[in-house]
Amino acid sequence: MSRRFRFGLLLLLSVYLLGVLGYKLFSPGTPFIDCLCMSVITVASVGFTEVINGAGRPGLRIYMMSLILFGVAIHLYAVSILTAFVVEGDLSHYFWKKRMSRKIGSMSGHYVICGAGETGMRIIDELIQTKRDFVVIDSDEKAIEQLRNMPDMLIVQGDAYEEHVLAAAGIERAAAAAIALHSDRDNLVTTLSIRTMNPKIRIVVKEIEPGMASRFRRAGADAIVNPATIGGLRLVSEMVRPSVVSFLDLMLRDPVHAYRVEELSIDSQSPWANQSLKDLPLHSEYRLLVAAARKPDETDFIYNPDGTWVVEPGQTLIVLGKADDVSRARQVAQVASA
């Protein structure tokens, strides 16, 4: 709730209380409720019959006139503040924040996006395309307004490096966080804050100036992405392998289906555990192409595994397919965690 609203409410209550105290002082035997009634009808200038008779009591009459002159002015000012709070949308914004808080409080295993600039919006678009649950943190009013116009968007307004803001985004329950703020300093502090609050979360951070990668890793980042490096690789790829780039672009920008290279982690309770690839319905039912596999205790991938490859618990499969089909397959592969 804004300071302006609290100030207006406090001012309104104060003028009524001042009236009560004055009437109680001039008429100690009058019940509190009657003094309150006199205070309200005096300040509000509604003109009802006086509960406390001021006839023949000059001091009380002077007090009543003073309360009318000064109290009404203060009353009108306080009412104008409260009215502005409602008219200007502060009240709706307050309830919007409460609604966001309830929804985020029920989430777990989601993604947190720190920063809704150009890079952050690309991340948001991809998460929407692949139907992932996520929360966006940003402090810029224009960015927040833009996000509010997008359907089903979960937003926390504030600085991402503040721990109470991260807590409001459910960082302790999140699976991963992407940090794409406007400076390396903010990215570094945010990385450290997130790692402190959630030691198990995966953190991916945007590097703006070269040479920051080592600092980000010491702060707890799992992966660092430099847009300049990615842009350079894209440029050279356009020169030497244009068909490959064209294929990837068409795949990612398909207006009907979101084709993606995704990963499936095989849970111990999954019906696919300890079965060979040829016995799994990955292609027949889910239309997924298995590009690679990796065992849980190894860092290298086995590329293009054949049908005899046994899918053991803890393995990760890299597959190519539609986002919807990957989502359905993930529910089977990770049945225990679901």
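Summary of the structure given here.

Calculation rules
Residues numbered from 1 in each chain as written. Predicted model: local features only at pLDDT ≥ 70, side-chain atom pairs only at ≥ 80, totals over all residues. Heavy atoms only, no water. Salt bridge = Lys/Arg side-chain N within 4 Å of Asp/Glu carboxyl O. Helix = DSSP H or I, 4+ residues; strand = E, 2+ residues; numbered from the N terminus. Buried < 20%, exposed > 50% of the residue type's maximum accessible area, 1.4 Å probe, protein only. Expected span 1.5 Å × (residues − 1). Contact = heavy atoms within 4.5 Å. Pairing = 2+ DSSP bridges. Axes fitted to C-alpha atoms, helices over the stretch in contact; angles between N-to-C directions. Patch = residues over 30% accessible without salt bridge, like charges linked within 9 Å, V, L, I, M, F, W, Y side chains within 5 Å. Areas by Shrake-Rupley, 256 points an atom, 1.4 Å probe, with all protein chains shown as cover. Lys, Arg positive; Asp, Glu negative; His and termini not counted. Charge placed at Lys NZ, Arg CZ, Asp CG, Glu CD.

## Comments concerning the pattern of salt bridges
Moving on, step 1. Considering all chains together, one arrives at ten salt bridges under this definition.
Moving on, step 2. In this structure, Arg260 engages Glu126 in a salt bridge whose closest nitrogen and oxygen atoms are separated by 2.5 Å. On the criterion of sequence distance, the pair formed by Arg260 in strand E7 (residues 259-265) and Glu126 in helix H5 (residues 118-129) is long-range, its members being 134 residues apart.
Moving on, step 3. The exposure class of Arg260 is buried, given its relative accessible area of 4%.

## Focus on helix H8 (residues 184-197)
Quick reminder: α-helices carry 3.6 residues per turn. Residues three or four places apart thus point the same way.
Moving on, step 1. The terminal C-alpha atoms of H8, which comprises 14 residues, lie 20 Å apart, in line with the 20 Å expected from a rise of 1.5 Å per residue.
Moving on, step 2. Looking at H8, one finds that the buried residues are Asp184, Asn187, Thr190, Thr191, Ser193, Ile194, Arg195 and Met197.
Moving on, step 3. Lining the buried residues of H8 we find strand E1 (111-114), helix H7 (163-168), strand E4 (176-179), strand E5 (202-206) and helix H9 (213-219).

## Structural notes on the sheet that holds strand E12 (residues 316-322)
Moving on, step 1. Read across the sheet, four strands follow the order E7-E12-E9-E10 without closing on themselves; strand pairing throughout is antiparallel. Both edges of this open sheet fall to E7 and strand E10 (302-303), since each of them pairs with a single strand only.
Moving on, step 2. Pairing geometry for E7 and E12, over seven bridges, is antiparallel. Residue Tyr259 lies in a different strand from E12, and its bridge partner there is Lys322.
Moving on, step 3. In the packing of helix H11 (residues 242-252) onto the sheet, the strands contacted are E7 and E12, and the crossing angle to E7 comes to about 80°.

## Quick notes on a positive patch on the surface
Moving on, step 1. Among the surface-exposed residues, Lys97, Lys98, Arg99, Arg102, Lys103 and Arg148 lie close enough to one another that they form a single positively charged patch.
Moving on, step 2. Ranked by the residues each element gives to the positive patch, the list is headed by helix H4 (residues 90-105), at five residues.
Moving on, step 3. On the secondary structure map, Arg99 appears in helix H4.
Moving on, step 4. The exposure class assigned to Arg99 is partly exposed, which follows from its relative accessible area of 35%.

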